[in-house]
Amino acid sequence: MTSPMGPRCMPVVGGSTHHLGQDMGTKDNSPIYAVADGTVRKIVRGTGSTSGQVIVTHRFGKDTYESAYMHMWPNDVLVREGQKVKSGQKIALVGSSGPSTGPHLHLEIWRERFYSKDGNVRNPAAFLKSRGLDLGSHATASYSESQKTCAYFARGKAELFASASATSKVLARPSRSAKVTSKPGAINGLLNGSFVKVKYGSTTGWMNRFAVTPNPMAAAPEWALTPTGTVTNGVRVPFATYTNPNGLNMRSGAATWYSKLLMIPAGATFEAYESSAGWLRVKYKGTDGWVSAGLTRKVATVNQTTLPATHEVLRNLKLRSGAGTTYKETQALSRGTKVALRQVRGTWSQVQAGKHTGWTSSADLKKIGSITPQASKPPVGKPAPTKPTHEATANLNMRSGPGANTKIVKVLRNGTDVIELKRQGTWSQVKVGNSTGWVSNRYLRVVKAGAAPAKPKPTAKPKPPVIQSVKKTTYQTRSKVVARKSADAKSASVVGIAAKKQVVVDAKSGSWLRARYAGKTGWVPANQLALYKAPAKPKTPVIQSVKKATYQTRSKVVARKSADAKSASVVGIAAKKQVVVDAKSGSWLRVRYAGKTGWVPAKQLAVYKAPAKVKTTTARLNLRTGTSTSTRTLLIIPKGKKVTVKATRSGWTQTSYAGKNGWVSSKYLR
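Conventions used here
Residues numbered from 1 in each chain as written. Predicted model: local features only at pLDDT ≥ 70, side-chain atom pairs only at ≥ 80, totals over all residues. Heavy atoms only, no water. Helix = DSSP H or I, 4+ residues; strand = E, 2+ residues; numbered from the N terminus. Contact = heavy atoms within 4.5 Å. Areas by Shrake-Rupley, 256 points an atom, 1.4 Å probe, with all protein chains shown as cover. Disulfide = S-S within 2.5 Å. Buried < 20%, exposed > 50% of the residue type's maximum accessible area, 1.4 Å probe, protein only. Core = buried A, V, L, I, M, F, W, Y, C linked by side-chain atoms within 4.5 Å. Salt bridge = Lys/Arg side-chain N within 4 Å of Asp/Glu carboxyl O. Phe/Tyr/Trp six-rings, centres within 6.5 Å; stacked < 30°, edge-to-face > 60°. Lys NZ or Arg CZ within 6 Å of the ring centre and 35° of its normal. pLDDT = per-residue confidence, 0-100. Pairing = 2+ DSSP bridges. Polar contact = N/O pair within 3.5 Å; in protein donor to acceptor, adjacent residues only side chain to side chain.

## A short note on the overall build of the protein chain
Part 1: Secondary structure summary: the protein chain contains 1 helix and 60 strands in total.
Part 2: Long-range contacts, defined as pairs at least 24 residues apart, comprise 55% of the intrachain contacts of the protein chain with a sequence gap of at least 6.
Part 3: For the protein chain, the exposed surface amounts to about 39,300 Å²; the carbon and sulfur share of it is 51%.

Next up, the structure:
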């Protein structure tokens, strides 16, 4: 019993803060049973975003209820719409479709009709318990909602409204991943609640439940929008021109709950740069944002291979398939080739050269008409430094260019002296010996002029390990391990120990334990051992005497010496043989067969029902209401008819004929 019905914190994006049912966590593909007799009214096919549903209608006297079973996958639904089902009938298998955190059954009970109105929802656990089905008694554990405060995070720049309506006053605009707090159940309605009440800083208001997430957001991806609707990096090339007939909102993200940036008037045209899930990323009057594709009409398609050239290549080079030197080389371009800039990513640019598209370093491009950049000359009288100017403050990578996506030339150790040649933003070109490359200047420290190089500190002699005696305890190896002569991974091997072997520990030294195994003592890393728990001794089975009864074997079975599948065989018993049961022990029954006594699993036996006796009338007989000729005659049974003997009493036989039950004289039956 995982999540009960009632107020809770939103578990997933878009989830309700008031749980309408009872969750029961279990293994995937576990059976789901109908809670009562009824008719399957509706089935919803589950997907990654939609919860699978089986909805069953029940009649309890004059009242109508519906039970809803959720999160199963389509292939695991075992009934069809319109099918009648019995209480306890298997109708589906547990799954995890829709907004689910793992395999579980979500059960809801509604009066009249599923999802009819707030007042009709019932607590499944309480409803079923009042009718004799206690869910809690069958659960291995039960959990209640313990959180008093809920923490959510804004999914993008979204509004905080004064009331639960998007038309109300905007109180604030929390930025991406901004933290807001709420209370369990703070939603504007159980069924159709779309706003949660939150607190942002000192301001309390309402936010769309799809505008927040229970988990912190990662850093904004490339091409994310700023709060003002501008791209965070680079440029883009449009793929089509659109217009809108009625005017539409431009938003900061591809969903209605994202912040409105502006209104594009009816009839205005704009360029589209990206398409995603029914939304278009467009630019209008210098502002970049998203509009609903269904409210637009395409005017023209942009041929990106005929874009006007904007830049010129400064050297012979090869384009790459991605923004970095690790990507595959594609098309070769010669110096002076005119290209159209499509987008910029860090220190790399994507360009269009005729029909070819690819990436190159932005340093290898210049705008058409601009002066070709020249390598800066050192000022006269200030030659390049020859002595170290800086030292590394940490181990850091020296790269082939000013960017983390360029090739690593070598690794500089903490304290390495370098000569800084030039700076470019947060990167510095440095020289170390005969090698030149780029490093992040955040990890460089200026070396004072004339300062004597720091003397290396004498290497401290390693302290001998401290060995502490501990109480002798039995541990078990987690996996195969080597016991060593001392508490050091480089010391000699003493003995190899297989996984799940018991060892006795009597001392520790740092993160090592001294263990004894097979007469040898050595040191083993503590994380490779676990405290040994001896297996519990099996309890002596309790044998209870029962009233002797005749059973019949369901199939071929072996009677054993004790109530244990591993105990010795006593006798084999064929299917449909009668045995006498006189005791039970757990799920086993003690039986006697062919003069021998043994134990058989109860599920392999069924209560024996003797076949009914059939007799034939030797004359026309009165079927009477009792065992006397003075009782009323129900009907007359013709001579030669076969009747089934139900009971006998004082010369009379109880039987039935033509739908009537009664008694006849036994002397006229053979």
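## A short note on the state of the cysteines
Part 1: On inspection of all chains with the given rule, the structure shows 1 disulfide.
Part 2: For Cys 9, the disulfide goes to Cys 150, at an S-S distance of 2.0 Å. The sign of the S-S torsion, about -85°, decides the handedness of the disulfide formed by Cys 9 and Cys 150: left-handed. Of this pair, Cys 9 sits in the loop between strand 1 (6–7) and strand 2 (18–19) while Cys 150 sits in strand 12 (residues 150–154), and the two are 141 residues apart along the sequence. Take Cys 9 and Cys 150: they sit in the same class, and that class is buried.

## Looking at the nonpolar core
Part 1: Counting residues in each nonpolar core, the largest one holds 22 residues, and the members touching the most others are Ile 32, Val 54, Tyr 69, Met 72, Val 79, Val 85 and Ile 91.
Part 2: Among the secondary structure elements, those contributing two or more residues to this core are strand 6 (53–60), strand 7 (63–70), strand 9 (90–93), strand 10 (104–111) and helix 1 (124–129).
Part 3: At 3 residues, the largest contribution of residues to this core is made by strand 10.
Part 4: When sequence neighbours within four positions are dropped, the list of residues in contact with Met 72 reads Ile 32, Gly 46, Gly 52, Gln 53, Val 54, Val 77, Ala 92, Leu 93, Gly 95 and Ser 97.
Part 5: Within the second largest apolar cluster, 17 residues are counted, among which are Met 10, Tyr 152, Leu 160 and Ala 211.

## A closer look at the pattern of salt bridges
Part 1: Enumeration according to the criterion identifies 11 salt bridges in this entry.
Part 2: Notably, a salt bridge pairs Arg 320 with Glu 329, separated by 3.4 Å at the nearest N-O pair.
Part 3: The exposure class assigned to Arg 320 is buried, which follows from its relative accessible area of 17%.
Part 4: According to the relative accessible area criterion, Glu 329 is partly exposed, its value standing at 41%.

## Describing the packing of aromatic side chains
Part 1: Per the stated rule, a full pass over the model turns up 7 aromatic pairs.
Part 2: A centroid spacing of 5.8 Å and a plane angle of 50° characterise the contact between Phe 60 and Tyr 65, whose relative ring orientation is tilted.
Part 3: With 5.9 Å between their ring centres and 85° between their planes, Trp 110 and Phe 114 make a pair best called edge-to-face. Per residue, the accessibility class of Trp 110 equals that of Phe 114, and both read buried.
Part 4: Clustering of aromatic rings is evident, with ring pairs tying together Phe 60, Tyr 65 and Phe 127.
Part 5: The ring of Phe 60 has Arg 131 lying over it, and the distance from NZ or CZ to the ring centre is 5.5 Å.

## Let's talk about the environment of Thr 627
Part 1: Positionally, Thr 627 belongs in the loop between strand 55 (621–624) and strand 56 (633–637).
Part 2: Separated by 23 residues in the primary sequence, Thr 627 and Ser 650 have C-alpha atoms spaced 7.7 Å apart.

## Remarks on the confidence of the model for the protein chain
Part 1: In the predicted model, the protein chain carries a mean pLDDT of 84, and the fraction of residues at 70 or more is 89%.
Part 2: Taking the mean pLDDT of every element in the protein chain, the minimum, 81, falls on strand 29 (residues 338–345) and the maximum, 96, on strand 8 (residues 84–85).
Part 3: Predicted confidence for residues 222–234 stays below pLDDT 50, and this span has 37 contacts to residues more than four positions away or in other chains.
Part 4: Confidence over residues 375–379 falls short of pLDDT 50; this stretch has 0 contacts with residues more than four positions distant or in other chains.

## Quick look at unusual backbone geometry
Part 1: Phi at Tyr 115 takes a positive value of approximately 60°, unusual for a residue other than glycine.
Part 2: Its location among the elements puts Tyr 115 in the loop between strand 10 and strand 11 (121–122).
Part 3: Among the residues examined, Tyr 115 registers a relative accessible area of 38% and is labelled partly exposed.
Part 4: Even without being a glycine, Lys 285 presents a positive backbone phi close to 50°.
Part 5: A relative accessible area of 74% means that Lys 285 is categorised as exposed.

## Examining the pairing of strand 37 (residues 427–432)
Part 1: In terms of residue burial, strand 37 counts as a mostly covered element, since 5 of its 6 residues are buried.
Part 2: Where strand 36 (residues 417–424) meets strand 37, 5 bridges bridge the pair, whose relative direction is antiparallel. Note on strand 37: the bridge partner recorded for Gln 424 is Trp 427.
Part 3: The pairing of strand 37 with strand 38 (residues 435–440) spans 6 bridges and is antiparallel. Counterpart to Ser 428 in the pairing with strand 38 is Val 439.
Part 4: Hairpin geometry of strand 37 and strand 38 is characterised by an intervening segment of 2 residues between the two adjacent antiparallel strands and by a positive phi of about 65° at Gly 433.

## Concerning the side chain of His 19
Part 1: For His 19, the position within the fold is in strand 2.
Part 2: Note on His 19: relative accessible area 2%, which makes it buried.
Part 3: A distance of 3.1 Å separates polar atoms of two side chains, one belonging to His 19 and the other to His 106.

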